[in-house]
Amino acid sequence: MPRSLFLPDLIWAHDMATGTSRPVNRASDETGWLATAAADVPIVTQWDDGEHRGAEPGTVASSSASQPSLVASMLEQLQVEPGMRVIEQGTGTGWNAALLAHRLGDANVTTVEIDPQVAAHARTRLHAAGYRPRTVCADGVHGHPGGAPYDRVIATYGLRDVPRAWIEQTRPGGVILAPFGSHYSNADAVLRLTAHPDGTATGPFLQPVEFMKMRSQRLTWPAAPPAGDTVTERTTTQLPPPHGKFDPFPFAAGLHLPDVTHAVQPHDDGASTLWLYSLTTPAWAAATFRDGDSIHHVRQCGTRRLWNEFERTLSWWHEAGEPGIERFGLTVTPTGRYAWLDGPDRPIRVRSAPGRPQVNRQIP
């Protein structure tokens, strides 16, 4: 079932290495368009929630066709079997829904898409390919009670919280497979939760990925602290680990350091500054690093001392053996959630501003 059956005429091939996208128009370059559709690359199909016009890339990619090798990997991890009922959160082009319907039959597949334009395009392409799964235009945060209970739930966008409705609509023993991460970075990891009769769900992270985020869970950058706030100056000898897209530390830091996001600023002289921003209270920290220096300059502002928290997180990560994604997991309860290391009996105890210990994070 070629991916080309589900793509619009104007697409943008995304280069994972550079983070850039280039337009490919079937009307003017059908050979290139077909080659792109068949290539193992992610393809952006919508920018800026449909507000973007023109051939050049927009600001925020808001719908896409995932890299085929990743689609195959996640379908394998989903472990669907004939007779199972599956709900897909994030229809996109409709290609993944068609693959599920081909395996399970139309009656066993529900797919949910929040964007009316994207949903209409997917429904048209699905029908043209001979598939008619239940296609729902709605906010996926609510699931779809009409088709519940489901044996499998699969999401094709990144989460920062697991919607309670998904667990409630999953049969005990059923599986929820979704990209999950924190606002510390844009990176995600595939999370495989198993639902339990007591309303909880727990499971491991499987592999690093990066997906567009659920629209209601996108990062909103915080406002800066008031100009009159005192800036504290200090030094540090601790170098932060690499902060690349799929490096292990940023993902681990997001599980241990709550409600913080970061940015890395390169400088012309080869130095770089790591910026930390609190998402709950006006506060920031900035540490500048230069190769060869043994002591590095730190500034922090606001009531929350973010660099102190960052150093505690870094020490925890080193003491735990610098764990990668595969050692972490998540448990979701009816009242909150907690991340764990090496098993649910080893919860990660994070600290929330202004310093009160917490394990469970309340879900809005």
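This one's a predicted model, so the numbers in the text were calculated from it and none came from an experiment.

Let us now look at the pattern of salt bridges. Applying the stated criterion across every chain, the model contains 16 salt bridges. Asp161 serves as the salt-bridge partner of Arg337, at 2.7 Å between the closest nitrogen and oxygen. With a gap of 176 residues between them, Arg337 in strand β18 (residues 337-341) and Asp161 in the loop between β8 (150-155) and α5 (164-168) connect regions that are remote in the sequence. Arg337 sits in the buried class, given a relative accessible area of 10%. Relative accessible area serves as the criterion here: at 15%, Asp161 is assigned to the buried category. Through salt bridges with shared partners, a single network forms among Asp49, Asp115, Arg215 and Arg218.

Working definition: the strands of a sheet are paired by backbone hydrogen bonds and lie parallel or antiparallel to each other. The strand order across the open sheet formed by five strands is β12-β16-β15-β14-β13, and the pairing between neighbours is antiparallel. Because the sheet does not close on itself, it has two edges, and the strands there are β12 (231-236) and β13 (260-266). Within the sheet, the average angular offset between the axes of one strand and its neighbour, ignoring direction, is 20°. Summarising the sheet, β12 and strand β16 (residues 296-302) pair through six bridges and their orientation is antiparallel. In the strand pairing of β16, Val231 is matched with Cys301. Where helix α7 (residues 306-319) meets the sheet, its contacts fall on β12, β13, β14 (272-278), β15 (283-289) and β16, and the angle it forms with β14 comes to roughly 105°.

Turning our eyes to something else, we now look at α7. The end-to-end C-alpha distance of α7 is 20 Å, a good match for the 20 Å that 14 residues give at a rise of 1.5 Å each. Of all the residues in α7, the buried ones are Leu306, Trp307, Glu309, Phe310, Glu311, Thr313, Leu314, Trp316 and Trp317. Positive backbone phi, at 90°, marks Gly321, one or two positions downstream of α7.

Turning next to the packing of aromatic side chains. Two measures describe an aromatic ring pair: the distance that separates the ring centres and the angle between the ring planes. Under the counting rule described, the total for this entry stands at 12 aromatic pairs. Taking 5.6 Å as the distance between ring centres and 80° as the angle between the ring planes, the aromatic pair formed by Trp221 and Tyr277 counts as edge-to-face. Note that Trp221 is positioned in the loop between β11 (201-209) and β12 and Tyr277 in strand β14, a separation of 56 residues in sequence. Relative accessible area serves as the criterion here: at 48%, Trp221 is assigned to the partly exposed category. With relative accessibility at 24%, the residue Tyr277 sits in the partly exposed group. Look at Phe249 and Phe310: their rings are 5.8 Å apart centre to centre, the planes differ by 85°, and that puts the pair in the edge-to-face class. In this pair, Phe249 is assigned in helix α6 (residues 248-256) and Phe310 in helix α7, connecting sequence segments 61 residues apart. By relative accessible area, Phe310 is classed as buried at 0%. Pairwise contacts between aromatic rings join Phe249, Phe289, Trp307, Phe310 and Trp317 into one cluster.

Let us now look at the pairing of β13. Pairing of β13 with β14, which is carried by seven bridges, proceeds in the antiparallel orientation. Considered in β14, the bridge of Val264 is made with Leu274. Linking β13 to β14, which pair antiparallel, is a turn of five residues; within it Gly270 sits at a positive phi near 95°.

The next point concerns the environment of Gln217. Inspection of the secondary structure assignment puts Gln217 in the loop between β11 and β12. Excluding its chain neighbours within four sequence positions, the residues that come into contact with Gln217 are Leu159, Arg160, Asp161 and His183. A polar side-chain atom of Gln217 sits 2.6 Å from the main-chain amide nitrogen of Arg160.

With that settled, the discussion passes to the packing of α6 against α7. One way to put it is that α6 packs onto α7 with a least axis distance of 10 Å and a crossing angle of 115°. Two packed elements cross with a definite hand, and for α6 against α7 that hand is right-handed. Every residue of α7 that contacts α6 at Pro248, Phe249, Ala252, Ala253 and His256 is listed here: Phe310, Arg312, Thr313, Leu314, Trp316 and Trp317.

Glancing now at the sheet that holds strand β1 (residues 10-15). Spatially, the four strands line up as an open sheet ordered β2-β1-β3-β4, and their pairing is antiparallel. Whereas interior strands pair on both sides, the edge strands pair on one side only; in this sheet they are β2 (20-25) and β4 (61-65). When strand polarity is set aside, the average angle formed by the axes of neighbouring strands in this sheet is 40°. Taken together, the two bridges between β1 and strand β3 (residues 43-47) define a ladder with antiparallel strand orientation. The partner of Ala13 across the bridge, within β3, is Ile43.

Another aspect to go through is the confidence of the model for the protein. Looking at the protein, pLDDT values average 93 and 95% of them are 70 or higher. The low-confidence segment residues 352-364 (pLDDT under 50) makes 28 contacts with residues lying over four places distant or belonging to another chain.

Take Asp259: it is sitting in the loop between α6 and β13. Taking the relative accessible area as the measure of exposure, Asp259 reaches 26% and is therefore partly exposed. Through-space distance from the C-alpha of Asp259 to that of Leu104 is 40 Å; in sequence the pair is 155 residues apart.

Calculation notes
Residues numbered from 1 in each chain as written. Predicted model: local features only at pLDDT ≥ 70, side-chain atom pairs only at ≥ 80, totals over all residues. Heavy atoms only, no water. Salt bridge = Lys/Arg side-chain N within 4 Å of Asp/Glu carboxyl O. Helix = DSSP H or I, 4+ residues; strand = E, 2+ residues; numbered from the N terminus. Buried < 20%, exposed > 50% of the residue type's maximum accessible area, 1.4 Å probe, protein only. Pairing = 2+ DSSP bridges. Axes fitted to C-alpha atoms, helices over the stretch in contact; angles between N-to-C directions. Contact = heavy atoms within 4.5 Å. Expected span 1.5 Å × (residues − 1). Phe/Tyr/Trp six-rings, centres within 6.5 Å; stacked < 30°, edge-to-face > 60°. Polar contact = N/O pair within 3.5 Å; in protein donor to acceptor, adjacent residues only side chain to side chain. Left-handed = near helix turned anticlockwise from the far one by under 90°. pLDDT = per-residue confidence, 0-100.

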